[in-house]
Amino acid sequence: MSKIWLEAAVNGPWTRKNQPAIPVSPEEIAADCIACAKAGAAIVHFHPYDVNTGLQVDTTDAYAEVIERVRAVDEKVIIYGTLPMSGLPNVSDTMSPAQRFTHVKGLAERGLIEWSVVDPGSTNITHDAWIAEGREGFTYLNSESHVRYGLELCAEKGLHPSYAIYEPGFIRQGAALHRAVPGCPTPLYRYMFSDSLTFSFPPELYALEAYNTLREEEAPGTPWMVAGLAVDIRPLIAPAVECGGHVRVGLEDQPFGAETTNVALVEEAARLIEAEGGTLATPDEVRAGLR
């Protein structure tokens, strides 16, 4: 059985209003990333915050501060951030591709990252509870021009695209656009499930099989992972391990208001992976798998 990649997504864009236990300050975020790496996560993913406003902030320096704090303790773990997410209260939906990826370019030029989010499609994001309240969700926009720019930047800087697959069509578009950018490193296809947000599928076996069948048709042999937002991903850990897939957990992905910690989620996922006969990959084994 191949080594299983375990990723920890420590906070996400939700703010403490929706997810009170997330780390927010650079010190808190770095500490959680380091602790998750020690617990077995080969990959850590984070969103930087402005501690004064409590909202996500997307400057190169904000990302760099967290990464440098982690690197001072752990030189091996794969660490990467995110992008400005249209639909959030402090993010314009009129940003150019170059503006949106400014910090990615800056971090790559400083040698601080080896992966970048490049989500190959757009989707509406709303919650069952919001619908019941009459509250409107938002549209997560990733126009084709943004996806192309992100993939071209990944090709230029040698970054692996991290694809969040919010809908089946994201696989088709992600694979087609990747083929159109010569020299772009291998993407990771991260299937996004949810119990309460109304995109994609719930975390059911039929859905995993559908995603896997489509990905193998469009991008054979590429690495994939089960993950999601507002989801309990545990039912899919065993089938993912059995099929040679990988796993993401963390407070970003938990149902809102989760009363747990990132380290506890990583430790539980590691136990479930090992109970299925899986062995956790080291960061260098992840790098080798992507090559």
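Heads up: the structure comes first, above all this text.
Attention here is on the structure that accompanies the text. (Residues numbered from 1 in each chain as written. Predicted model: local features only at pLDDT ≥ 70, side-chain atom pairs only at ≥ 80, totals over all residues. Heavy atoms only, no water.)

Our next topic: the pairing of strand S9 (residues 160-165). Along a regular strand, successive side chains alternate from one face of the sheet to the other. For S9, the tally of buried residues reaches 6 of 6 residues, placing the bulk of the element in the interior. Alternating positions in S9 separate into two faces, His 160, Ser 162 and Ala 164 on one and Pro 161, Tyr 163 and Ile 165 on the other, with burial throughout. Across 3 bridges, the pairing between strand S6 (residues 115-117) and S9 is parallel. Paired with Ser 116 across the strands is Pro 161, a residue of S9. By the bridge criterion, 4 bridges tie S9 to strand S10 (residues 188-193) in an arrangement that is parallel. What sits directly across from Ile 165, in S10, is Tyr 191. (Buried < 20%, exposed > 50% of the residue type's maximum accessible area, 1.4 Å probe, protein only. Helix = DSSP H or I, 4+ residues; strand = E, 2+ residues; numbered from the N terminus. Pairing = 2+ DSSP bridges.)

A positive phi angle, close to 70°, is found at Thr 15, a residue other than glycine. Looking at the secondary structure, you find Thr 15 in helix H1 (residues 15-18). By relative accessible area, which is 16% here, Thr 15 ends up buried. Residues other than glycine seldom take positive phi values, yet Ala 230 does so here, at roughly 50°.

In this section: the pairing of strand S1 (residues 6-9). Of the two faces of S1, the one lined by Leu 6 and Ala 8 and the one lined by Glu 7 and Ala 9 are each fully buried. Pairing geometry for S1 and strand S2 (residues 43-45), over 3 bridges, is parallel. Each bridged residue has a counterpart across the sheet, and for Ala 8 the counterpart in S2 is Val 44.

Quick look at the sheet that holds S1 now. With parallel pairing, the 8 strands of this open sheet are ordered in space as S5-S2-S1-S12-S11-S10-S9-S6. Two strands in the sheet have a free side with no partner beyond their single neighbour: strand S5 (78-80) and S6. Averaged over all neighbouring strand pairs, the angle between strand axes comes to 25°, with direction disregarded. Across the sheet, helix H8 (residues 168-179) is in contact with S9 and S10; its angle to S9 comes to roughly 160°. (Axes fitted to C-alpha atoms, helices over the stretch in contact; angles between N-to-C directions. Contact = heavy atoms within 4.5 Å.)

By the definition in use, this model includes 0 disulfides. No disulfide involves Cys 36; its sulfur sits 6.9 Å from that of Cys 33, the nearest cysteine. Relative accessible area serves as the criterion here: at 0%, Cys 36 is assigned to the buried category. Unpaired in terms of disulfides, Cys 154 finds its nearest cysteine sulfur in Cys 184, a separation of 5.2 Å. Given the relative accessible area of 1%, Cys 154 is considered buried. (Disulfide = S-S within 2.5 Å.)

Our focus in this paragraph is the packing of H8 against helix H9 (residues 205-218). Geometrically, a packed helix pair is captured by the angle between its two axes and the distance between the axes. Here H8 crosses H9 at 15°, and the two axes come no closer than 10 Å. By the angle class used here, H8 and H9 are roughly parallel. Relative to H9, H8 is oriented so that their crossing is right-handed. Note on element contacts: H9 touches H8 through Tyr 211, Leu 214, Arg 215 and Glu 218, opposite Pro 168, Ile 171, Arg 172, Ala 175 and Arg 179. Looking at the contact of H8 with H9, its residues break down into 5 nonpolar, no polar and 4 charged. (Parallel < 35°, antiparallel > 145°, perpendicular 65-115°, else oblique. Left-handed = near helix turned anticlockwise from the far one by under 90°. Nonpolar A, V, L, I, M, F, W, Y, C, P; charged D, E, K, R; others polar.)

It is worth spelling out the pattern of salt bridges at this point. Inspection of every chain in the model, using the stated rule, returns 18 salt bridges. Across the pair Glu 65 and Arg 69 runs a salt bridge whose closest N-O atoms are separated by 3.3 Å. Within this pair, Glu 65 and its partner Arg 69 are both found in helix H3 (residues 60-71), separated by 4 residues, close to a single helical turn. Classification of Glu 65 as partly exposed rests on a relative accessible area of 33%. The class for Arg 69 is partly exposed, based on a relative accessible area of 35%. For Glu 144, the salt bridge identified is with Arg 148, shortest N-O distance 3.0 Å. With a gap of 4 residues between them, Glu 144 and Arg 148 both fall in helix H7 (residues 144-157), about one helical turn apart. Judged by its relative accessible area of 34%, Arg 148 is partly exposed. Ionic contacts of the salt-bridge type, sharing partners, join the residues Glu 7, Arg 248, Glu 252 and Asp 253 into one network. (Salt bridge = Lys/Arg side-chain N within 4 Å of Asp/Glu carboxyl O.)

This part takes up H9. An ideal rise of 1.5 Å per residue puts 20 Å on 14 residues; H9 measures up with 20 Å between its terminal C-alpha atoms. Burial in H9 covers these residues: Ala 207, Leu 208, Tyr 211, Asn 212, Leu 214 and Arg 215. Along the long axis of H9, the arc covered by the buried residues comes to 165°, so they all point the same way. Those residues of H9 that are buried are in contact with S9, H8, S10, strand S11 (224-228) and helix H10 (237-242). (Expected span 1.5 Å × (residues − 1). Arc of directions from axis to C-beta.)

The values reported here are purely geometric and, on their own, carry no functional implication.
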